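This is what each chain is made of:
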Protein chains: 2
Amino acid sequence: MDEAATQRRLEQFESICHERGLPITVQRRVILETTLSLDNHPTADQIHEAVAERIAGISRTTVYRTLETLVRLGLITKACHPGGVTRYDRRIELHHHLVCMRCDAVVDISDDRFDALPIPDTSAYGFEVSDHQVQLRGLCKTCREKEEG
Amino acid sequence: MDEAATQRRLEQFESICHERGLPITVQRRVILETTLSLDNHPTADQIHEAVAERIAGISRTTVYRTLETLVRLGLITKACHPGGVTRYDRRIELHHHLVCMRCDAVVDISDDRFDALPIPDTSAYGFEVSDHQVQLRGLCKTCREKEEG
DNA sequence: TTAAGTGCAAAAGCTTTGCGGGTAG
DNA sequence: CTACCCGCAAAGCTTTTGCACTTAA
């Protein structure tokens, strides 16, 4: 993410914390900054590893807990994918995904027509929809080559 | 899933196994049948529990392994969702999802406009897209009530 | 007969919880 | 001062692996 966008997100983080009376700790700030710097829809463990380069000895627990907090505050989201690990997405605005159904890779894409999709009425299901996302599912290059080889 | 559709899928299962020289075992057949009977996008463990009512003492390992096999054969798929557990989807044809970002519930929906989406060229990413799916992300009724309460 | 599947036990990987001590506001 | 956060250790899930035995074809 570019520097300006990162800066804006950090400011958003500070004002939300002030609003809610949540302490701003070094750990939280660095975990957010680090997550914003990674574009692979990383797992909590991958984020922990990256954060540890700046805060030696930071605990996994703190990273797991903080990521959940950041999601709750709306500063990051969870990525939808077929695998069995939670993965985080630094993008909170409307966007879409290429998803590899073999290795679970997730790649961001943009598409105006996807953005403009009309959202049907879902009140019959009791759902309140806040967001939509198109997933193009298939195989990434690496997995396709393994398949053929 | 209705009986006719289930029957068709089981026949498909048999012919694919014959084609590839894979043995048709009782376990595999019952695991497939059971998965086709569940509409909650169940986890492997939930499927194991349901299968165990018909095959007492069936091992978790077998269920985990067989589900992966069935996915590879194209008889079921994995559901994309934000949580940290693998979940299976009995539907293999084009369809879409409501996803609760709090509790991870996944509900099937149909929408012709979603079906008809034009798929952009993704060759630049090396992906081969075989399928697409729209996810309407939000909160389910239960989670919304908890939120407010 | 033979390639493949099954079950068990154990290991590995991911995530949460309880609690004592520390820190931002 | 007080509420909330952090780190540790331990527990709890979920999933995979190696191996000996069994079974479909």
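None of the values given here were measured: they were computed from a predicted structure.

(A) Inspection of the packing of helix 2 (residues 26-37) of chain B against helix 4 (residues 60-72) of chain B at higher detail. Residues and elements named next belong to chain B. Remark: helix 2 packs on helix 4, axes separated minimally by 10 Å, with the N-to-C direction vectors making an angle of 75°. The angle between the axes of helix 2 and helix 4 places the two elements in the roughly perpendicular class. Counted together, Gln 27, Arg 28, Ile 31, Leu 32 and Thr 35 of helix 2 and Thr 62, Val 63, Thr 66, Leu 67, Thr 69 and Leu 70 of helix 4 form the full contact between these two elements. When grouped by side-chain class, the residues that make up the contact of helix 2 with helix 4 number 5 nonpolar, 5 polar and 1 charged.

(B) Representation of the protein's contact with DNA strand C. Lining the immediate environment of DNA strand C, one finds 17 residues, of which Thr 86 of chain A together with Thr 25, Arg 28, Thr 62 and Arg 65 of chain B sit closest. Sugar plus phosphate, as a fraction of atoms of DNA strand C within 4 Å of the protein: 70%. Interatomic distance of 3.5 Å between a side-chain N/O atom of Thr 61 of chain B and a base nitrogen of DNA strand C. At 2.4 Å, a side-chain N or O of Thr 62 of chain B approaches a phosphate oxygen of DNA strand C.

(C) Quick look at helix 4 (residues 60-72) of chain A. All names here are of chain A. Here helix 4 is 13 residues long and its end C-alpha atoms lie 19 Å apart, about the 18 Å a rise of 1.5 Å per residue gives. Those residues of helix 4 that sit buried are Val 63, Thr 66, Leu 67, Thr 69 and Leu 70. End-on view of helix 4: buried residues confined to an arc of 160°, all on one side of the axis. Opposite the buried face of helix 4, by more than 90 degrees, sit the exposed residues Arg 65 and Arg 72. Where helix 4 is buried, its residues meet helix 1 (3-20), helix 2 (26-37), helix 3 (44-52) and strand 2 (88-89). The N-terminus of helix 4 is capped by Ser 59, whose side-chain oxygen sits 2.9 Å from the backbone nitrogen of Thr 61. Once helix 4 ends, the next one or two residues include Gly 74, with phi positive near 80°.

(D) Spatial organisation of the pairing of strand 4 (residues 106-109) of chain B. Residues and elements named next belong to chain B. The sheet contact formed by strand 3 (residues 96-100) and strand 4 spans 4 bridges and is antiparallel. Counted as the bridge partner of His 97 is Asp 108 from strand 4. Hairpin connection between strand 3 and strand 4: a loop of 5 residues separates the two successive antiparallel strands, and Asp 104 in this loop has a positive phi of roughly 85°.

(E) View of the pattern of salt bridges. For the structure shown, the criterion picks out 19 salt bridges over all chains. When the shortest N-O distance is used, the salt bridge between Arg 54 of chain A and Glu 33 of chain A registers 2.9 Å. In this pair, Arg 54 of chain A is assigned in the loop between helix 3 and helix 4 and Glu 33 of chain A in helix 2, connecting sequence segments 21 residues apart. Looking at Arg 54 of chain A, the relative accessible area reads 51%, which means it is exposed. By relative accessible area, Glu 33 of chain A is classed as partly exposed at 22%. Among the salt bridges present, the one from Lys 78 of chain B reaches Glu 68 of chain B, with a minimum N-O distance of 3.3 Å. With Lys 78 of chain B in strand 1 (residues 77-78) and Glu 68 of chain B in helix 4, this pair connects stretches of sequence that are 10 residues apart. On the basis of relative accessibility, which here comes to 33%, the residue Glu 68 of chain B falls in the partly exposed class.

(F) Just the environment of Met 101 of chain B, in detail. Structurally, Met 101 of chain B is set in the loop between strand 3 and strand 4. Here Met 101 of chain B is in contact with Lys 78 and Cys 80 of chain A together with Pro 82, Arg 137 and Gly 138 of chain B, once residues within four sequence places are set aside.

(G) Examining the pairing of strand 5 (residues 128-139) of chain B more closely. Two strands pair when backbone bridges link them, and strand 5 (residues 128-139) of chain A and strand 5 of chain B are joined in this way by 11 bridges, in the antiparallel orientation. Opposite Gln 133 of chain A, over in strand 5 of chain B, you have Gln 135 of chain B as the bridge partner. In terms of strand pairing, strand 3 of chain B meets strand 5 of chain B through 4 bridges, oriented parallel. In the sheet register, Leu 98 of chain B faces strand 5 of chain B, and the bridge partner there is Leu 136 of chain B.

(H) Local environment of unusual backbone geometry. For His 41 of chain A, which is not glycine, the phi torsion reads 55° and is therefore positive. Mapped onto the elements, His 41 of chain A comes out in the loop between helix 2 and helix 3.

(I) Seen up close, helix 1 of chain A. Residues and elements named next belong to chain A. Taking 1.5 Å as the rise per residue, helix 1 with 18 residues should run 26 Å; its terminal C-alpha atoms sit 26 Å apart, in good agreement. Along helix 1, the positions that sit buried rather than exposed are Ala 5, Thr 6, Arg 9, Leu 10, Phe 13, Ile 16 and Cys 17. Take helix 1 and look down its axis: the buried residues cluster within an arc of 140°, on one side only. Within helix 1, the exposed residues directed more than 90 degrees away from the buried face are Glu 3, Arg 8, His 18 and Glu 19. In the core, the buried residues of helix 1 are packed alongside helix 2 and helix 4. For helix 1, the side-chain oxygen to backbone nitrogen distance between the N-cap and Ala 4 is 3.1 Å, and the N-cap itself is Asp 2.

Conventions adopted
Residues numbered from 1 in each chain as written. Chains lettered and ligands numbered in written order. Predicted model: local features only at pLDDT ≥ 70, side-chain atom pairs only at ≥ 80, totals over all residues. Heavy atoms only, no water. Axes fitted to C-alpha atoms, helices over the stretch in contact; angles between N-to-C directions. Helix = DSSP H or I, 4+ residues; strand = E, 2+ residues; numbered from the N terminus. Parallel < 35°, antiparallel > 145°, perpendicular 65-115°, else oblique. Contact = heavy atoms within 4.5 Å. Nonpolar A, V, L, I, M, F, W, Y, C, P; charged D, E, K, R; others polar. Near = heavy atom within 4 Å. Polar contact = N/O pair within 3.5 Å; in protein donor to acceptor, adjacent residues only side chain to side chain. Expected span 1.5 Å × (residues − 1). Buried < 20%, exposed > 50% of the residue type's maximum accessible area, 1.4 Å probe, protein only. Arc of directions from axis to C-beta. Pairing = 2+ DSSP bridges. Salt bridge = Lys/Arg side-chain N within 4 Å of Asp/Glu carboxyl O.

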